[in-house]
Amino acid sequence: MRNKEKTIRGNTAQFQLTRQFSLLLGAVMLFFNLVFILLSIGFLYERIEDQADHVFEAIEKGHAAVSGWPSLIDAYVSADEESALRVEQADGHRYDSEEASTVFPALAAGRIIPLLEGVILSEEGVYFSKTEKINGDQVTVALNAEASVELAYGLLLISSLLNLAAVVIGSVLIYWRVGKWSRKLTLMAQEIAAIESGGSGELTVVREPVEIQAVAVSFNQLLKEQRETIAREKRFIADASHELRTPLAAIRGHVKLIQRRGTAHPEVIPSSLSFIDKESKRLEVLSNQLLDLEKQPINTMAQTLDVGQLIREVCEKQAVVSPQTIDYVIEEPLLMKGSKIDFQQIAQNLLENAAKYAPSDSTIYVRFCQKNTGIWLTVTDQGMGIPDDQKERIFDRFYRVENSRSSDIAGSGIGLSLVKQIADQYQAQISVTDNQPKGSVFAVCFPASQ
Ligand code: ADP
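What you see is a predicted model, and the numbers here were worked out from it, not measured in a lab. (Residues numbered from 1 in each chain as written. Predicted model: local features only at pLDDT ≥ 70, side-chain atom pairs only at ≥ 80, totals over all residues. Heavy atoms only, no water.)

Quick notes on the overall build of the protein
Logical step 1: Across its full length, the protein carries 11 helices and 13 strands.
Logical step 2: In terms of overall dimensions, the protein has C-alpha extents of about 155 × 60 × 35 Å along its principal axes.
Logical step 3: Relative to its full complement of 450 residues, the protein shows a buried share of 36%.
Logical step 4: Of the contacts formed within the protein by residues at least 6 apart in sequence, a portion of 61% connects residues at least 24 apart.
Logical step 5: Element-wise, carbon and sulfur atoms account for 58% of the exposed surface of the protein, whose accessible area totals about 27500 Å².
Logical step 6: Of the charged side chains in the protein, 45 are positive and 57 negative, and the gap between their average positions amounts to 18 Å. (Helix = DSSP H or I, 4+ residues; strand = E, 2+ residues; numbered from the N terminus. Buried < 20%, exposed > 50% of the residue type's maximum accessible area, 1.4 Å probe, protein only. Contact = heavy atoms within 4.5 Å. Areas by Shrake-Rupley, 256 points an atom, 1.4 Å probe, with all protein chains shown as cover. Lys, Arg positive; Asp, Glu negative; His and termini not counted. Charge placed at Lys NZ, Arg CZ, Asp CG, Glu CD.)

So this is what it looks like as C-alpha cells:
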C-alpha cells in the first residue's frame, strides 16, 4: 500500500516538475560554481606570480644598493619567514635563506600541479617557485602559497554551501509553487471522475493557464454535445418503441381474433387480414424510415448532379399516384454537389405530405430554381395547414399535429425530421409558412455555392 502511494506521488505533475526543475537548478549552480572556482584559482595564481615578480624586483634593486647577497637574503627572509630564497652564482657559490635548506629539498621531492606552472605540493606545504637570473646569478624564490590555498578553499566551501542551500530552498519553493499550479489539474481530474461516476456537473473553467482553460472549455462543449446526443437517443428509442408497439399490438389483436373466432366466423378473416396487411406495411415504412434516420451521411458532397432533373422525376412519379394536380416549374439543368438519394428523399417526402394532407381535387405547386439568395425548392399545397405553434415541432422525430394523428391519415412523424436531417447536412434552411387562402408552403433553401 505504502509502495503504491509512493509510486502515485512520484507520478504527479508536482513531483515530476519539481524534480526536473531542481535537477536543472542544481546543474546550473554546479556549472557556475565550477566557473567560479576556476576563476578564483586563476586570480590567486596571478596574485602569487605578481608577488614573486615583486620579490625579484626588490632583490634586483637591493642588489645594487647592498654590498653582498647574505645581507640581502636576510633582509628578504625577515620579511617573510615561511618563504625561501636561493642564489646560485656562476662560480659555484650558493647563498640560502634560513628556510631554504628545508624548503628546497622538500620542493624537489614534491608534486607539480598540472596547468599551474611553478606550483608545487610538498611536505612543507604548497609553494610557488620561480627562478630568474639577476646580474648573472640564478635566483630561485619559493613563496609559501598556503594562505592563497586556504582562501580558495574557504571560497569554495562558502560558495558550495550557498549553492546547496539555494538548490534545497529553491526545490522547496518550486514544489510549493508547482503544487499550487497543479492543484488546477488535480481539481480537473476530480471533477472528471465525478462526472464519470454519473455527476451532472461540468469542469470549472480556470482563467489561466490558457491551455487548461482551453481543455476545460472543449471538454465542457464535448460533454454538452454528448449529453444532448444521449438524451436524443433515449427519446428516440422511447418514441420508436412506442411507435412500433402500436401497429404490433394491432396485428397481434387481429391474429388472436382470427385464432379465436376464425373457424366459427370466417367472415372476420378478410377484414382482419386487410388490417394486418395495412399495419404491417406501416411497420415496414416505419422501420425503413428509422433506418434512413440513423444512416450516417456518407460522402455527401460526392458528385455533381442535375438536381433539377431529379426533382422533375420525383414530381412525375408523384403525379401518377396522387389524385391532386401537380404543377411543377423546374430549372433544368440545375447542378449541385451531393448524393442523388438525398435530393430525392427531400422532394419525395415534401410531395407525399402535400398529397397526404391536401384534398384530392386541389393542386400542389412545386418550384425549383436558383435565386440570388440560394437554390430554392418550394412545395405548396391547399391542404389543412399547420397551426403556428406547431410549425417548429413538426420537424421533431415522431411529432404529428393532433388533427393528423386523430384523422385516418397514415403517418409516423418521421418524414419531416428526415428532410431536416438531410437539409442540415447540406447547410440548407427549411421553413414552413401558410399558403393563402389555405394550405402550407414548405421551402428549402440550399446555399448558392452548392
Ligand atoms: P407523417 O406525415 O408521417 O406524420 P412527417 O414528419 O412527414 O410525418 O410530418 C409531421 C407532421 O407534420 C404530420 O403528422 C402532419 O401533422 C404535419 N404535416 C406535414 N406536412 C404537412 C402538410 N403538407 N400539410 C399539413 N400538415 C403537414
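Structural notes on the packing of aromatic side chains
Logical step 1: Under the definition given, this model contains 5 aromatic pairs.
Logical step 2: Seen from their ring centres, Tyr-426 and Phe-446 are 6.3 Å apart, and the 90 degrees between their planes marks the pair as edge-to-face. On the criterion of sequence distance, the pair formed by Tyr-426 in the loop between α11 (415-425) and β12 (429-434) and Phe-446 in strand β13 (residues 440-446) is long-range, its members being 20 residues apart. Assigned by exposure class, Tyr-426 and Phe-446 land together as buried.
Logical step 3: An aromatic cluster of at least three residues, connected via ring pairs, comprises Phe-343, Tyr-426 and Phe-446. (Phe/Tyr/Trp six-rings, centres within 6.5 Å; stacked < 30°, edge-to-face > 60°.)

Side note on the nonpolar core
Logical step 1: Grouped together as the largest cluster of nonpolar side chains are 47 residues, with contacts concentrated most on Ile-311, Leu-350, Phe-368, Ile-394 and Phe-446.
Logical step 2: In terms of residue count, helix α9 (residues 340-357) provides more of this core than any other element does, 7 residues in total.
Logical step 3: Counting only domains with at least three residues in this core, you end up with domain 2 (211-293) and domain 3 (303-446).
Logical step 4: The contact partners of Phe-368, leaving out residues within four places of it in the chain, are Val-307, Gly-308, Ile-311, Val-329, Ile-330, Glu-331, Leu-334, Met-336, Ile-375, Trp-376 and Leu-377.
Logical step 5: Residues Ile-48, Leu-85, Val-87 and Val-139 belong to the second largest nonpolar core, which totals 19 residues. (Core = buried A, V, L, I, M, F, W, Y, C linked by side-chain atoms within 4.5 Å. Domains from an automatic or database assignment.)

Notes on the pairing of β12
Logical step 1: Here 6 bridges tie β12 to β13, and the two strands are oriented antiparallel to one another. Paired with Gln-429 across the strands is Cys-445, a residue of β13.
Logical step 2: What sits between the antiparallel neighbours β12 and β13 is a turn of 5 residues, in which Gly-439 has the positive phi angle 105 degrees. (Pairing = 2+ DSSP bridges.)

A short note on the packing of helix α6 (residues 210-261) against helix α7 (residues 268-294)
A packed helix pair is summarised by two numbers, namely the angle formed by the two axes and the spacing between the axes.
Logical step 1: Where α6 meets α7, the closest approach of the two axes is 8 Å, and the angle between their N-to-C directions is 165 degrees. When the interaxial angle is binned, α6 and α7 end up roughly antiparallel. The crossing of α6 and α7 is left-handed.
Logical step 2: When the residues that make up the contact of α6 with α7 are grouped by side-chain class, the tally is 19 nonpolar, 3 polar and 5 charged. (Axes fitted to C-alpha atoms, helices over the stretch in contact; angles between N-to-C directions. Parallel < 35°, antiparallel > 145°, perpendicular 65-115°, else oblique. Left-handed = near helix turned anticlockwise from the far one by under 90°. Nonpolar A, V, L, I, M, F, W, Y, C, P; charged D, E, K, R; others polar.)

Some details on the domain arrangement of the protein
Logical step 1: Partitioning the protein into structural domains gives domain 1 (2-151), domain 2 (211-293) and domain 3 (303-446).
Logical step 2: On a C-alpha basis, the centres of domain 1 and domain 3 stand 102 Å from each other.

A closer look at α11
Logical step 1: Listed in full, the buried residues belonging to α11 are Gly-415, Leu-416, Ser-417, Leu-418, Val-419, Ile-422 and Ala-423.
Logical step 2: Buried residues along α11 sit in contact with α7, α9, β12 and β13.
Logical step 3: One or two positions beyond α11, positive phi appears at Gln-427, with a value near 50 degrees.

Concerning a negative patch on the surface
Logical step 1: Side chains of Glu-82, Glu-123, Glu-124, Glu-146 and Glu-150 sit close together on the surface and give a patch of like negative charge.
Logical step 2: Within the secondary structure layout, Glu-123 lies in the loop between β4 (119-122) and β5 (125-134). (Patch = residues over 30% accessible without salt bridge, like charges linked within 9 Å, V, L, I, M, F, W, Y side chains within 5 Å. Salt bridge = Lys/Arg side-chain N within 4 Å of Asp/Glu carboxyl O.)

Considering the sheet that holds strand β6 (residues 137-144)
Logical step 1: Across the sheet, which stays open at both edges, the 6 strands sit in the order β2-β1-β6-β5-β4-β3 with antiparallel pairing between neighbours. Looking at strand neighbours, the two that pair on one side only are β2 (94-96) and β3 (111-112), the edges of this open sheet.
Logical step 2: In this structure, strand β1 (residues 84-88) lies alongside β6, joined through 5 bridges in antiparallel fashion. By the bridge assignment, Glu-88 is partnered in β6 with Gln-138.
Logical step 3: Along the sheet, helix α4 (residues 100-109) makes contact with β1, β2, β3, β4, β5 and β6, crossing β1 at roughly 85 degrees.

A short note on unusual backbone geometry
Logical step 1: With an omega of -5 degrees, the peptide bond between Glu-208 and Pro-209 qualifies as cis.
Logical step 2: Between Glu-332 and Pro-333 the backbone carries a cis peptide bond, its omega angle lying at -5 degrees.
Logical step 3: Note on placement: Pro-333 falls in the loop between β8 (325-330) and β9 (335-338).
Logical step 4: Of note in this structure, Leu-115 is not a glycine but carries a positive phi near 75 degrees.
Logical step 5: Classification of Leu-115 as exposed rests on a relative accessible area of 89%.

Examining the pairing of strand β11 (residues 374-380)
Logical step 1: Among the 7 residues that make up β11, 6 are buried, leaving the element largely enclosed by the rest of the structure.
Logical step 2: Sheet topology note: the strand β10 (residues 363-371)/β11 ladder contains 7 bridges and is antiparallel. Bridge pairing links Phe-368 to Leu-377 in β11.
Logical step 3: The loop that links β10 with its antiparallel partner β11 comprises 2 residues.
Logical step 4: Here β11 runs beside β13; their pairing, made up of 6 bridges, is antiparallel. Bridging from a neighbouring strand, Val-379 pairs with Phe-442 of β13.

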